[in-house]
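Residues per chain are reported as follows:
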Amino acid sequence: MSKEKENDLMQKIVSLCKRRGFIFPACEIYGGFANAYSYGPYGAELKNNIKKLWWKMFVQEPEEMIGIDGPILLHPKLWEASGHTEGFNDALVDCKECKMRFRADHLVEEATGKDLEGKLEEMTKILKEEKVKCPNCGKSNWTDARFVNMMFHTEMNSYEGTVYLRPETAGAIFVEFKNIIDAMHPKLPFGIGQIGKAFRNEIVARNFIFRIREFEQMEIEYFFNPQEKWEPIFMDWLERQEKFFYALGLKKEDIRLFEHPKEKLSHYSRKTVDIEYNFPFGWGELSGLAHRGDFDLTQHSKFSNTKLEYLDPVSGEKFVPHVIEPTFGLDRTILVALLAAYHEEKVEGEERVVMKFPLAIAPIKIAIFPLLKNKPQLVDKAKEIYNLLKQQYTCEFDDNGNIGKRYRRQDEIGTPFCITVDFDSLENNDVTIRDRDTMKQERIKIDELKEYFEGRFNK
Ligand code: ATP
């Protein structure tokens, strides 16, 4: 695809999301705020469905997994132990002409292809010597690059000192390691999963919901005996992560792995791999997998003066487990699910836009239409079906406009099945079911509907 076409796709997704009620720019009536977004009715359903699928695949089904839900405001010492207070910094540079702020490393990388993460002086030198242009005003007049911490600060009436909004969810898992061991007595290897909000004071929020300041993560800490070979565990997690993305409808060719070079790894990590997606604006990180050794438990043990060890019930040995961390960004996952679902098709000379979400994540599963809205018998029958099916599926009742228009709307929402109640339905007690992808229609008896959908959704 050409660059223009690709950007076009991003524009189309942003506009469909707003027009159809998936995702809105937040606080628009106040002129917008901080490039934040609100999930509208269909976006909220899509988000919940993706969370549910993740929880099912990573917490509910694997025997060795458990889930928790920790707080956003955590003890500030936790962030000292994890290194965030000291080192969770991004390089900021100001354009002296137009006063816009940018990530210095991103500007340098875009201009020269060099990855200078962390090297402030070199970034400043390149920006000035190579006269890198400001993406906003086109001039080249930069301040020196400087580090800013990415954690949001706040205060608590009951605590003296700065409190932070968590910049990642993982911390909330490590601090409950002891409680989980004491309450659940899990056998190694075991994992703890969590879904929740994280906050990062990003210098530039951009690319729709790819980079925002308030987002959600789905993270796992997978603990194992350091005597065990870690490579197969790592590879197994990589496969499980990819499987999740395929279940969301992503294509193999749009996913690639990026292994962090040895010299760039954190001192405690043996291996870190990013799963990248071919976004319309280029390849970008979607999800990560990191071997973190015993770094986190050892640090939290040191800073909290609490032993964080595992007692092997068979050998009686005590040791600090090692950990592998699969991490997913929920908002980025939603963006790729939207991008992968988007299809334009020509049908009988007309173009239709259809979101081909896999059944499990489609925001609305079944739409129910009376053929005409001014015929009470049709409306009553359709309402009856709606009331029957909505107990099990997210359904929508729609009696607006002609059927063709209603189909087009449901195609753009990605609804897999539409039911129409017509005059024959009143005679024969049956309805038409139209399939989103094939657009084929079939007649089904009303009292067989439940069974019909069970067969479709529980395949
Ligand atoms: P990036 O390099 O893109 O800033 P990162 O390496 O800092 O990402 P991690 O700290 O590994 O990201 O966070 C785990 C996941 O959280 C990422 O893979 C991504 O999906 C998500 N994520 C991180 N920052 C943001 C953000 N600002 N907005 C939305 N999602 C994010």
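Examining helix α9 (residues 230-247)
Stage number 1. The end-to-end C-alpha distance of α9, which contains 18 residues, comes to 26 Å, matching closely the 26 Å that a straight helix rising 1.5 Å per residue would cover.
Stage number 2. By the burial criterion, the buried members of α9 are Trp230, Ile233, Phe234, Trp237, Leu238, Arg240, Gln241, Glu242, Phe244 and Phe245.

Thoughts on the nonpolar core
Stage number 1. Counting residues in each nonpolar core, the largest one holds 62 residues, and the members touching the most others are Phe22, Phe244 and Leu338.
Stage number 2. Ranked by size, the runner-up nonpolar core spans 22 residues in total, among them Val379, Leu389, Phe397 and Val431.

Re the site of the ligand
Stage number 1. Neighbouring the ligand are 13 residues, the closest being Arg200, Glu202, Arg211, Ile212 and Glu285.
Stage number 2. Between the ligand and the protein, one listed contact pairs a nitrogen atom with a side-chain N or O atom of Glu202 at 2.8 Å.
Stage number 3. Here a nitrogen atom of the ligand and a backbone polar atom of Ile212 are 2.8 Å apart.
Stage number 4. Protein chains shield 80% of the accessible area of the ligand, which is 590 Å² for the free molecule.
Stage number 5. Mapped onto the shell around the ligand, the elements with two or more residues apiece are β10 (214-224), β13 (282-293) and β16 (322-329).
Stage number 6. With 3 residues, the single largest contributor to the shell around the ligand is β13.
Stage number 7. Counted by class, the shell around the ligand contains 4 nonpolar, 4 polar and 5 charged residues.

Some points on the sheet that holds strand β4 (residues 89-94)
Stage number 1. On the basis of which strands lie adjacent, the open sheet formed by 3 strands has the order β5-β4-β6 and antiparallel pairing. One side of each edge strand has no neighbouring strand; the edge strands of this open sheet are β5 (101-103) and β6 (146-149). Going across the sheet, the axis of each strand differs from the next one's by a mean of 50 degrees, ignoring polarity.
Stage number 2. Where β4 lies against β5, 3 bridges are found, and the strand directions are antiparallel.

Quick look at the pairing of β4
Stage number 1. Across the 6 residues that make up β4, a large majority, 5, are buried.
Stage number 2. Both β4 and β6 contribute to a ladder of 4 bridges, which runs antiparallel. Note on β6: the bridge partner recorded for Asp90 is Val148.
Stage number 3. In textbook terms, the turn of a hairpin is the stretch between consecutive antiparallel strands, and for β4 and β5 this stretch comprises 6 residues, one of which, Lys99, has a positive phi near 70 degrees.

Regarding the sheet that holds β13
Stage number 1. Spatially, the 7 strands line up as an open sheet ordered β3-β9-β10-β16-β13-β12-β11, and their pairing is mixed. This sheet does not close on itself; its edge strands, each paired only once, are β3 (65-68) and β11 (255-259). Adjacent strand axes in the sheet meet at a mean angle of 25 degrees when their direction is disregarded.

Reading the values: rules and limits
- Residues numbered from 1 in each chain as written.
- Predicted model: local features only at pLDDT ≥ 70, side-chain atom pairs only at ≥ 80, totals over all residues.
- Heavy atoms only, no water.
- Helix = DSSP H or I, 4+ residues; strand = E, 2+ residues; numbered from the N terminus.
- Expected span 1.5 Å × (residues − 1).
- Buried < 20%, exposed > 50% of the residue type's maximum accessible area, 1.4 Å probe, protein only.
- Core = buried A, V, L, I, M, F, W, Y, C linked by side-chain atoms within 4.5 Å.
- Near = heavy atom within 4 Å.
- Polar contact = N/O pair within 3.5 Å; in protein donor to acceptor, adjacent residues only side chain to side chain.
- Areas by Shrake-Rupley, 256 points an atom, 1.4 Å probe, with all protein chains shown as cover.
- Nonpolar A, V, L, I, M, F, W, Y, C, P; charged D, E, K, R; others polar.
- Pairing = 2+ DSSP bridges.
- Axes fitted to C-alpha atoms, helices over the stretch in contact; angles between N-to-C directions.

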